[in-house]
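An overview of the molecular structure
Here are the chains, one letter per residue:
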Amino acid sequence: MVLLTRSSITGGVLALAVFLGGRALVGQSGPGGPPYTPAQSMAMIRTEPGFRLELVASEPDVQSPVAMDIDEDGRFWVVEMPGYPLDVSPTGRVKVLEDTDGDGRIDKSTLFADNLRLPSGVMRYKKGILVTSPPDLIYFEDVNGDGKADTREVVLTGFAKTNPQHAVNHPVYGLDNWIYLAHSGGSEPVIYRELFGDKGTDLRFAAMPDGKALDAKGRGVRLKPDEHKVEGLSSRTQYGNAFDVYGHFFAHNNSIHQRHEVIAARYLERNPQLLLPSAMAEISDHGNNNIMPITHGARFDLLTEAGQFTSACALTVYSGGAFPDGFEGTTFIAEPVHNLVHRDVLTPKGSTFVASRARDDMEFLAAQDSWFRPVNFYIGPDGALYVIDYYRPYIEHPEWASSDLQKSPEVLSTGKDRGRIYRVVATTGPGATRTTTRPKLGSATDAQLVEALGSPNVWWRRTAQRLLVHGKRRDAVPALVALAARRPSAIARLHALWTLEGLERLEVPQVVQAMKDPDPGVRENAIMLSERWLPQAVVSDALLAMTRDDNARVRFQLLATLGSIDTPASQGAQEQLLLAGIEDEWVQVAALSASSDRAIAYFDRALQPGSALAALESPGRAKFFDRLGGVLAARGKSDELAKAIGAVTDPQAPAGDWWRASLLEGMARGLSGTGDRRKLAGSHGVLLTLATGDQARVRRAAVMLLGVSNVEPGAAATAAATQAARAAADRSMPADTRVDAITLLALIDAPAHQPQFEAVIAPNEPEAVQIAGVTALGRIPGAGTPAFLLAKWPALSSNVRTTAATVILARREGSIAMLDALQQGTVKRWMLNFGHTRSLIMHRDEGIRARARTVLEEAPEARAARLARYSAALGGRGDAAQGAGVYTKYCAMCHQIDGKVGVEMGPDLSTVRHQPMPVLLANILEPNRSIAQHYETYSVERTPGDPLVGLIGDQSPTSVTFRQGPGVTTTVRRSDIKVMTVVPQSIMPESFAEQITPDDMAHLLAFLTSTPRTAAR
């Protein structure tokens, strides 16, 4: 059972309250209910102790604000998007807000630019601003000094004019002098195709229409406009992106609130044969649920929204220097659906980080006002955290909303004339004595700007660096060199080095000296800065001297950088670093990113006597051999594959079946989908021997590899089939042995062994053996297999039945037979999972598709009757202890509770305890009322390879991983994807009501809503 998909987006621009798919929470609070005045709303907002909220601006000075920047002279540049969700006309604006009297409140508002299509981000740049407004990144400048933009210049174009949840946004100036854009690629709408069906094009600089373009689909983007440089990142992010003080890049999507881009694209691009599902680490140690809203009178219209991230956005790493001890480096995440701001604490862990909840008893900021929608943050020159409040009652985008909202979408723009900007200030610590003096860096001298690079506040450091670099103020170089050398603070040295780099005045001695810096973050950055001089011996020697650095991130960066130096000394250092960090998966990725040739070298080293790589079994070493096999297979060189397979059978090779099995499994993954038997020419005899051997792990891996490479007919195959047939029929053999034997028989000659496959599909056979038999029958064409399986249907267990349905529906005649069985009642709707019903309803054959809709869709009257049947379950008579058993029986196959007890296929159900029971019941029984993007299913056609259906999981620049069922994933190279189409249906079957009694429903509801949180309300 999959209860319901999330109503939220996975990739889009404002993964925020306002821009969230599905039906969100809307409520009323206090006398009269919202909308409230700013003062009234502020009184309903709770912060952590030691902080207070101050109003900076509100309507009419600002309306529908979504992003802001504060320039060198303290002016606020605010982007307004009143057109959300469906008005794609150019109603967007940029205003300049000013506090002219120094009291901390905005008292002057000037329209700077308008006629923008759904603008979403702004950054001060040179004498103007950069604004993201799909399909463009636009530069605006006031040339004549009248306060309004005279210049409007498209800088970069080609971004998808897609649903605003998926559009480009949030330009930010990075420590490395690149401008980073939050970007996740366009979506494929089902309902609003005319408005948001544009998928964009490759990105180009508008001034260079014939220049090289960048394919940035599904990737973040960085650029240097003056140099006409644009690059794709190895990660993607939804609304917002963030850096810590050392330049580590953090991202998120609406439901995964913190990710770390561990390895950069420039390293992964060295080895395209390294099939990496994602370059991002999900770093939260508390999952993405268990948030604590305090909204009064909230109405929850979707099962999985209450209590878990569904609109995470605006990730910000605090580095303002004005909050109490312990706040520097913490992260803030907006969760506008729940009207709150979440805070985590980052802790280094190997090559990456762990994000832990800052407090277990409350959120950093939460509102009782249901119109409060925090959608963005900004760290100001005063060190305060500025909070942008979109202030609207509805947050749905109708693409994912219920049909009633789709029929009345005009209500979704309610509140577009409102908006607030707050600042959160500390009442203790450095911020308690802050001043509101307006900054004047616009008129600062070179010396003053250099001094600002050492500020404890990131706004001063970043603004000063930007002014120095974009102003080409090379007269500041001597002061910068002195700052880098005299070491007043690590952060000052760091910014001095990168500013010199941006001014093209950084020199080798400064970088080499920085490699010896006492601060590990400076050393890590020095390694990156050295990459332009890698051929110089003084640089490479300095790098090689760092292999025993005591900091894991420094060693990781060193390994990634050394991958670009192809010398014996460098290779030795890389191997040393790999062995020291072998249990860190990202260290393995860094090592193998050097080139696909390095995989061969590592494999050769692993086979040598006494090799540390194969000397001891461990999870990290097993995974490394898996990755080695994947790269070897992706290279597609027959001699290398033969050598690897030969090593598996070599008695002189290091002992242990663990590395042998891992190597073969990796090779299978690397070859998956190609079916090119030539790549394993000459090795099939060896693989067949392994596939019928006694080493269970190696046998299973060999069968897996044969399954993707095909079995060549001949004497060896005949002998293997004879041996496998005996094992399959021998009930005294272990079940896994028989499963492997059946699978091998199906690969060798399935039709010849059809009777044997049919014989094992019986209740007295182990379930795993039955499933193997059903799967084997799937390799036999014709109508006979569907007819046989449907005849057996009543005797099949749930798991066997699921496999049988997959086999039946894989062919046209099977789909027809299944529809016959559904109409006759021998197969019930609830016996088919989402993938099965999708394959019928979305069938390519129009006749089958039309008939399937008639058979499978339910009339509204029937739905009403079903809800009435379960109304008694709402009486509070359920028993939570009995409900735990109901959950295990019906829900755990696709859901987890608190990240445990079940399978992570659908949403985690740990937070639905906050749902009112009538709403919870309705969403259980009517899962198709709203579709969650994070749990959308895609139909994929591959070239080569069979079609597949699955949920999108992790993505990297070269591949997409699809989740196809509990514990089942397939990683596909992007180049192999021919067509990918979203399927607009919930995973959970609406026929769940036919499986569960009203009494069991009452127990389930009691279980799901038990053990409430202790959050203040």
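Residues numbered from 1 in each chain as written. Predicted model: local features only at pLDDT ≥ 70, side-chain atom pairs only at ≥ 80, totals over all residues. Heavy atoms only, no water.

Going by what an unreviewed UniProt entry lists, the protein chain is known as Putative membrane-bound dehydrogenase domain protein and is assigned to Luteitalea pratensis.

Of the two faces of strand β17 (residues 229-232), only one is covered, namely that formed by Val230 and Gly232; the face formed by Lys229 and Glu231 stays uncovered. Sheet topology note: the strand β16 (residues 221-224)/β17 ladder contains 4 bridges and is antiparallel. Bridge pairing links Val221 to Gly232 in β17. (Buried < 20%, exposed > 50% of the residue type's maximum accessible area, 1.4 Å probe, protein only. Helix = DSSP H or I, 4+ residues; strand = E, 2+ residues; numbered from the N terminus. Pairing = 2+ DSSP bridges.)

Moving on to helix α21 (residues 715-729). Taking 1.5 Å of rise per residue, 15 residues should cover 21 Å, and α21 covers 22 Å from first to last C-alpha, within 8% of that figure. Inspection of α21 places Ala717, Ala720, Ala721, Ala724, Ala727 and Ala728 among the buried residues, and these make up the whole buried set. End-on, the buried residues of α21 take up no more than an arc of 130°, which puts them together on one face. Facing away from the buried side of α21 by over 90 degrees, the exposed positions are Ala715, Thr718, Arg726 and Ala729. Tucked inside the fold, the buried residues of α21 contact α19 (684-691), α22 (735-749) and α23 (754-759). (Expected span 1.5 Å × (residues − 1). Arc of directions from axis to C-beta. Contact = heavy atoms within 4.5 Å.)

Running from N to C, helix α10 (residues 520-529) and helix α12 (residues 552-562) cross one another at 5°; their axes reach a closest spacing of 9 Å. One element, α10, and the other, α12, form an angle in the roughly parallel class. Residues Pro520, Arg523, Glu524, Ile527 and Met528 of α10 form the contact with α12, whose participating residues are Arg553, Val554, Gln557, Leu558 and Thr561. (Axes fitted to C-alpha atoms, helices over the stretch in contact; angles between N-to-C directions. Parallel < 35°, antiparallel > 145°, perpendicular 65-115°, else oblique.)

With 5 of 5 residues buried, strand β13 (residues 169-173) is to be regarded as a mostly interior element. Where β13 folds back onto strand β14 (residues 179-182) in an antiparallel hairpin, the turn is made up of 5 residues, including Asn177, whose phi is positive at roughly 75°.

Our next topic: the sheet that holds strand β9 (residues 121-125). Strand order in the open sheet formed by 5 strands is β9-β10-β11-β12-β15, with antiparallel pairing between adjacent strands. Taken across any chain shown, the strands that pair with only one partner, and hence form the sheet edges, are β9 and β15 (204-205). Note that β9 and strand β10 (residues 128-133) share 5 bridges and pair antiparallel. Across the sheet, Gly121 pairs through a bridge with Thr132, a residue of β10.

Phe364, Leu664, Met667, Leu705, Trp793, Met818 and Leu840 are the most contacted members of the largest nonpolar core, which has 229 residues in total. If you tally residues by element for this core, the top one is helix α18 (residues 657-671), at 8 residues. Apart from the residues lying within four places of it in its own chain, the contact partners of Leu840 are Leu809, Ser815, Met818, Leu819, Leu822, Leu832, Ile848, Arg849, Ala852 and Leu856. Within the second largest apolar cluster, 20 residues are counted, among which are Tyr125, Leu156, Val168 and Ala216. (Core = buried A, V, L, I, M, F, W, Y, C linked by side-chain atoms within 4.5 Å.)

Inspection of the entire model under this criterion finds 23 aromatic pairs. With 6.5 Å between their ring centres and 90° between their planes, Phe323 and Phe332 make a pair best called edge-to-face. Residue Phe332 is classed as buried on the basis of its relative accessible area, which comes to 0%. Taking NZ or CZ as reference, Arg222 lies 4.0 Å from the ring centre of Trp178, over its face. (Phe/Tyr/Trp six-rings, centres within 6.5 Å; stacked < 30°, edge-to-face > 60°. Lys NZ or Arg CZ within 6 Å of the ring centre and 35° of its normal.)

With that out of the way, let us pick up the sheet that holds strand β8 (residues 108-116). Pairing in this open sheet of 4 strands is antiparallel, and the strands run β5-β6-β7-β8 from one edge to the other. The strands lining the two open edges of the sheet, one partner per strand, are β5 (65-70) and β8. For this sheet, the mean angle separating the axes of adjacent strands, direction not counted, is 20°.

In this section: the pattern of salt bridges. What the rule picks out here adds up to 46 salt bridges. Of the charged contacts in the structure, one is a salt bridge between Arg473 and Asp446, with a shortest N-O distance of 2.8 Å. Taken together, the positions of Arg473 in the loop between α6 (458-470) and α7 (477-486) and Asp446 in helix α5 (residues 446-452) put the pair 27 residues apart, joining distant regions of the chain. Judged by relative accessible area, Arg473 falls into the partly exposed class, the value being 24%. Accessibility expressed as a relative area gives 22% for Asp446, which makes it partly exposed. (Salt bridge = Lys/Arg side-chain N within 4 Å of Asp/Glu carboxyl O.)

With that settled, the discussion passes to the side chain of Glu765. Mapped onto the elements of the fold, Glu765 is located in the loop between α23 and α24 (767-777). Its relative accessible area of 7% is what places Glu765 among the buried residues. When near neighbours in sequence (up to four residues on either side) are disregarded, Glu765 contacts Arg731, Arg738, Val760 and Gln770.

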